[in-house]
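Chain and residue survey
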There are 2 protein chains.
Amino acid sequence: MSQPSIPKGTRDFSPEEMAKRNYIFDTIREVFKLYGFRQIETPSMENLSTLMGKYGEEGDKLLFKILNSGDYLKGITDEELTDRNTNKLAGSLCEKGLRYDLTVPFARYVVMHRNEITFPFRRYQIQPVWRADRPQKGRYREFFQCDADIVGSDSLLNEVELLLIADEVFNRFGIRVSIKLNNRKILSGIAETIGELDKIVDITVAIDKLDKIGLEKVNEELASKGIPQKAIDQLQPIILLQGTNQEKLETLKTVLQGSEKGLQGVQELELIFNRLNVVGMRSELELDLTLARGLNYYTGAIIEVKALDVQIGSITGGGRYDDLTGIFGLKGVSGVGISFGADRIFDVLNQLDLYPKDSIQNTKVLFVNFGDKEEEYILPIVNKLRQSNIATEIYPEPAKMKKQMSYADSNKISYVVIVGEDEMRENKLTLKNMITGEQKQLIIEECVKVLSS
Amino acid sequence: MSQPSIPKGTRDFSPEEMAKRNYIFDTIREVFKLYGFRQIETPSMENLSTLMGKYGEEGDKLLFKILNSGDYLKGITDEELTDRNTNKLAGSLCEKGLRYDLTVPFARYVVMHRNEITFPFRRYQIQPVWRADRPQKGRYREFFQCDADIVGSDSLLNEVELLLIADEVFNRFGIRVSIKLNNRKILSGIAETIGELDKIVDITVAIDKLDKIGLEKVNEELASKGIPQKAIDQLQPIILLQGTNQEKLETLKTVLQGSEKGLQGVQELELIFNRLNVVGMRSELELDLTLARGLNYYTGAIIEVKALDVQIGSITGGGRYDDLTGIFGLKGVSGVGISFGADRIFDVLNQLDLYPKDSIQNTKVLFVNFGDKEEEYILPIVNKLRQSNIATEIYPEPAKMKKQMSYADSNKISYVVIVGEDEMRENKLTLKNMITGEQKQLIIEECVKVLSS
């Protein structure tokens, strides 16, 4: 048969890559736990009724659907088949799909388990998601999300905690980031103030281009989107908004004085900034009005994290959604969450070469195999080392010395133990340090000591 | 909308269940690493061309197939649709499927990456697999396998290592097990000796019933399967095989003296038993001729682990397959592997209540929230505790004291810190032990000390 392959947009992970990925997952998991988040997992497959209609029309198309088992054509007429209405037909052929993100399954989880959960519920979840997106650099069809959410509490302290988590995670990684913060209510307030409530997206997209195209072009773009000159005039202080976060907030307070919602957004941000100041953040924190991520979804804070030293999209994002579980019939449960993109963080750490050198924990020592007699002699010693928690291998067959040493080399094993006639007679081991080349004859206890350190 | 649900045969895992599952995965992973195995991961989806035909006709039916994206009817004629040949049509509608086990994807991995791999390759893999089986107690449609395999070495030392791993894993779990061992070559030898090569399965199935139905009925069953009286007579010493493993091997040597293959199987087992004796196993190890697991698949050793104190199928299994990668065009690569069934082990640990009490690591301390002023005051203290690696929460809003205490209770948080007017004035914290009810006023450093211990 021909050379096997894997589906496009998916990846195999080698032991070296797994070590790096585990470093990422472990770091994020440790911080989540430190902040009191508790892990759940949900099935890879959800009923399509749970997933459909939650990610927009485009999202529905990107869902991987699973063909029903058994006679999947049962109940479908010939007419329906030859009609070739693929969207409709898919609903008959498939009742399950692979999860598209962790948020909708979490909302479903909260509704199904609401009687077992103590609210506020701080949950984290680290699992793969699947999207039938066109694969490209940095975009995969199977990738991992690392989500932390708090549901059942309106308090802004939750936003503060999530921002502290982002600060802590990237500090541990050694990645310099800018954490950007916005509030949906401020965006609403701006649109309301200039009388263009339905143009929020156009406005934020245009403002975002200020650095690249300059004020004149931004104003031209706004006009081209049908925003009247008077409204554009009113927008000027917002387009040109600069200074510290506090200065920006002061400007906004003036501009938005006619919008109750806008002022509420400003107040929320003020409280968040204030609390964060008290604790002290190490990352740069910036009020960024161009942050319009998930605009139709978030109702309060919008969070995004950008790496400062690598050109890549946002590596973490989140925000508050006031009615997470309403789609499943449970009203009034507010949530706020943050999602770390493990695959992009993987790329950033690779580019900046920031993996700690000891993140890859290999076998510590390899016992060379000289044959039956020696094998029998060293097996209890190998066992003893393992009982001392030293990752130990014994080469499985008496291959040529060169082959065994080269095996140790390729697998980055730090030490090799050689036991031949002499060693057996003297009840000693020859321990070779594969990095320095140094060789020593030791008794077992000394050997355990060296290898444990 | 109606109450949401999840697909049958799948499960949500609560924080308590996740803690238990992580304990299982972590224990197995630690032992794998201790024995020098290196982790890989493969995609959840494989091309159907990789999966089909590898698990028998029944297995093909149990594969979850993924509907192609876009116009999945393209290239399919109306006739093909209305023909309703569901098997054939599935091949046109779907080109991908969810992995059914970890072995076939691993074989595919080895072939694709053979130039990057140093053989012998000791790999482990802990990932979910999916089967469209009829769900029932203890059988799920999504479940985790924990596999360790060594490929590219014929040495029996590999079998020895895998048996030591099984011994170590179940010793760590505190589960009393019987590790059963057989060899495909011995089964072949028996069938060859009595001239009934194609009846191996019937013979092992009948022998397996000795305890339940007695010798007479076993012989009747053999006769009913078309095995001649002479052959049944020859089988008597094997059906009645008893004694120590060594005694069994001696009997087999006599019975199988005419079969080269059979004797080779005996020799292999002798070497494995001998090596294991040198190291010393804690679990019971038994030569069990009725072990016929994966008969068409394994070519040498067959391994199975049974829990002694719980009625449940095998909780771990494995064996040697001499031509793992041949199905993908790479000949002559032998492998031997073992697979731990995490979901059954989960059930056994639950039934025997063997989870270590500290396997569930919760938040250590909750700060009660009295309002704005206190919140601002305690945030830096909370931060300090977290910097000292103490899992800390602050209740997100100034709810009633009773509600906050009950939150700590439900989440099994060991300590609560109370900071009100008095504590703020005196620069102290009141630390309450939620188990003993004991309460103390401490300065921060003392508090860190208590909580770190």
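Just so you know, these numbers come straight off a predicted model, no measurement behind them. (Residues numbered from 1 in each chain as written. Chains lettered and ligands numbered in written order. Predicted model: local features only at pLDDT ≥ 70, side-chain atom pairs only at ≥ 80, totals over all residues. Heavy atoms only, no water.)

1. Re the relation of the copies chain A and chain B
Structural alignment of chain A on chain B gives an RMSD of 0.1 Å, achieved by rotating through 180° and translating 0.0 Å along the axis. Taken together, the rotation and translation relating the two chain copies correspond to the operation of a two-fold axis. Minimal C-alpha separation from the rotation axis in chain A is found for Ile66(A), amounting to 2.3 Å. Counting the interface residues of chain A, we find that 100% of their copies in chain B are interface residues as well, pointing to one common contact surface. (Least-squares fit on C-alpha atoms with pLDDT ≥ 70 in both. Contact = heavy atoms within 4.5 Å.)

2. Regarding the nonpolar core
Ile24(A), Phe173(A), Phe340(A) and Ile345(A) are the most contacted members of the largest nonpolar core, which totals 93 residues. At ten residues, helix 7 (residues 157-173) of chain A tops the list of elements feeding residues into this core. Phe340(A) has contacts with Ile28(A), Phe32(A), Phe144(A), Gln145(A), Cys146(A), Ile165(A), Ala166(A), Val169(A), Phe170(A), Ile315(A), Thr316(A) and Ile345(A), leaving out every residue within four places of it along the chain. By size, the runner-up hydrophobic cluster in this structure holds 92 residues, among which are Leu442(A), Ile150(B), Val255(B) and Leu287(B). (Core = buried A, V, L, I, M, F, W, Y, C linked by side-chain atoms within 4.5 Å. Buried < 20%, exposed > 50% of the residue type's maximum accessible area, 1.4 Å probe, protein only. Helix = DSSP H or I, 4+ residues; strand = E, 2+ residues; numbered from the N terminus.)

3. Section: the environment of Lys357(B)
All names here are of chain B. Note that lysine 357 resides in the loop between helix 14 (342-352) and strand 12 (365-367). Assessed through its relative accessible area of 69%, lysine 357 is described here as exposed. Here the alpha-carbon distance between lysine 357 and tyrosine 100, two residues 257 residues apart in the chain, equals 34 Å.

4. Description of the packing of helix 15 (residues 372-387) of chain A against helix 13 (residues 260-279) of chain B
Between helix 15 of chain A and helix 13 of chain B, the least distance of the axes is 8 Å, while the angle of their chain directions is 40°. As summarised for this structure, helix 15 of chain A and helix 13 of chain B are arranged oblique, according to the angle between their axes. The two elements helix 15 of chain A and helix 13 of chain B meet at a crossing, and its hand is right-handed. On the side of helix 15 of chain A, the interface is formed by Asp372(A), Glu375(A), Glu376(A), Leu379(A), Pro380(A) and Asn383(A), while helix 13 of chain B contributes Asn274(B), Arg275(B), Val278(B) and Val279(B). Looking at the contact of helix 15 of chain A with helix 13 of chain B residue by residue, the class counts come to four nonpolar, two polar and four charged. (Axes fitted to C-alpha atoms, helices over the stretch in contact; angles between N-to-C directions. Parallel < 35°, antiparallel > 145°, perpendicular 65-115°, else oblique. Left-handed = near helix turned anticlockwise from the far one by under 90°. Nonpolar A, V, L, I, M, F, W, Y, C, P; charged D, E, K, R; others polar.)

5. Quick notes on the side chain of Glu374(A)
Residue and element names in this part refer to chain A. Considering the arrangement of structural elements, one finds glutamate 374 in helix 15. The buried charged residue glutamate 374 lacks any salt bridge partner; its closest oppositely charged side chain belongs to lysine 373, at an N-O distance of 4.9 Å. If we ignore the near neighbours within four places in the chain, the residues touching glutamate 374 are Val419, Glu421 and Met424. (Lys, Arg positive; Asp, Glu negative; His and termini not counted. Salt bridge = Lys/Arg side-chain N within 4 Å of Asp/Glu carboxyl O.)

6. Considering the sheet that holds strand 1 (residues 38-39) of chain B
All names here are of chain B. What the eight strands build is an open sheet, ordered 1-5-6-11-10-9-7-8; its pairing is mixed. Two strands bound the open sheet, and with one partner strand each, they are strand 1 and strand 8 (284-287). As judged from the four bridges shared by strand 7 (residues 177-183) and strand 8, these two strands associate in the parallel manner. Bridging from a neighbouring strand, serine 178 pairs with glutamate 284 of strand 8. Together, strand 5 (121-130), strand 6 (142-151), strand 7, strand 9 (301-307), strand 10 (316-321) and strand 11 (335-341) form the strand contacts of helix 7 (residues 157-173), whose direction differs from that of strand 11 by roughly 15°. (Pairing = 2+ DSSP bridges.)

7. So, the domain arrangement of chain A
In terms of domains, chain A is made up of domain 1 (16-43 + 103-352) and domain 2 (362-452). Placing the centre of domain 1 of chain A and that of domain 2 of chain A at their C-alpha centroids yields a distance of 52 Å. (Domains from an automatic or database assignment.)

8. Describing the sheet that holds strand 15 (residues 429-433) of chain A
Hydrogen bonds between backbone atoms are what pair the strands of a sheet, whose relative direction is either parallel or antiparallel. Residue and element names in this part refer to chain A. The strand order across the open sheet built from five strands is 13-12-14-15-16, with neighbouring strands paired in mixed fashion. Of all the strands in the sheet, just strand 13 (392-394) and strand 16 (439-442) have a single pairing partner and so form its edges. The mean angle between the axes of side-by-side strands here comes to 25°, regardless of whether they run parallel or antiparallel. Where strand 15 and strand 16 come together, four bridges link them in antiparallel fashion. Residue pairing for strand 16: leucine 431 is matched across the bridge by lysine 440. Against the sheet, helix 16 (residues 401-410) touches strand 12 (365-367), strand 13, strand 14 (415-418) and strand 15, its axis set at about 165° to strand 12.

9. Side note on the pairing of strand 7 of chain B
Summarising burial for strand 7 of chain B: seven of the seven residues are buried, a large majority. Neither face of strand 7 of chain B is left uncovered, since the one carrying Val177(B), Ile179(B), Leu181(B) and Asn183(B) and the one carrying Ser178(B), Lys180(B) and Asn182(B) both have all their residues buried.

10. Description of the packing of aromatic side chains
Within the structure shown, the criterion is met by 26 aromatic pairs over all chains. Ring geometry for Tyr109(B) and Phe121(B): centres 6.5 Å apart, planes at 15°, overall stacked. Residue Tyr109(B) is located in helix 6 (residues 103-112), and its partner Phe121(B) is located in strand 5; the two are separated by twelve residues in the primary sequence. The pair Tyr109(B) / Phe121(B) is uniform in exposure class, with both members buried. Arranged with centres 5.3 Å apart and planes meeting at 85°, the rings of Tyr395(B) and Tyr407(B) form a pair that is edge-to-face. Note that Tyr395(B) is positioned in the loop between strand 13 (392-394) and helix 16 (401-410) and Tyr407(B) in helix 16, a separation of twelve residues in sequence. The residues Tyr395(B) and Tyr407(B) share a single accessibility class, namely buried. Among the aromatic residues, ring-to-ring pairing joins Tyr23(A), Phe32(A), Phe37(A), Tyr124(A), Phe170(A), Phe173(A), Phe340(A) and Tyr355(A) into one connected group. Positioned above the aromatic ring of Tyr100(A), the side-chain terminus of Arg131(A) is 4.1 Å from the ring centre. (Phe/Tyr/Trp six-rings, centres within 6.5 Å; stacked < 30°, edge-to-face > 60°. Lys NZ or Arg CZ within 6 Å of the ring centre and 35° of its normal.)

11. Some details on the packing of helix 8 (residues 184-193) of chain B against helix 13 of chain B
Residues and elements named next belong to chain B. Interhelical geometry of helix 8 versus helix 13 gives an angle of 150° and a closest axis separation of 7 Å. The orientation of helix 8 relative to helix 13 falls into the category roughly antiparallel. Here the hand of the crossing between helix 8 and helix 13 comes out left-handed. Taking contact as the criterion, the partners of Lys185, Ile186, Ser188, Gly189 and Glu192 in helix 8 are, on helix 13, Lys261, Gly262, Gln264, Gly265, Val266, Glu268 and Leu269.

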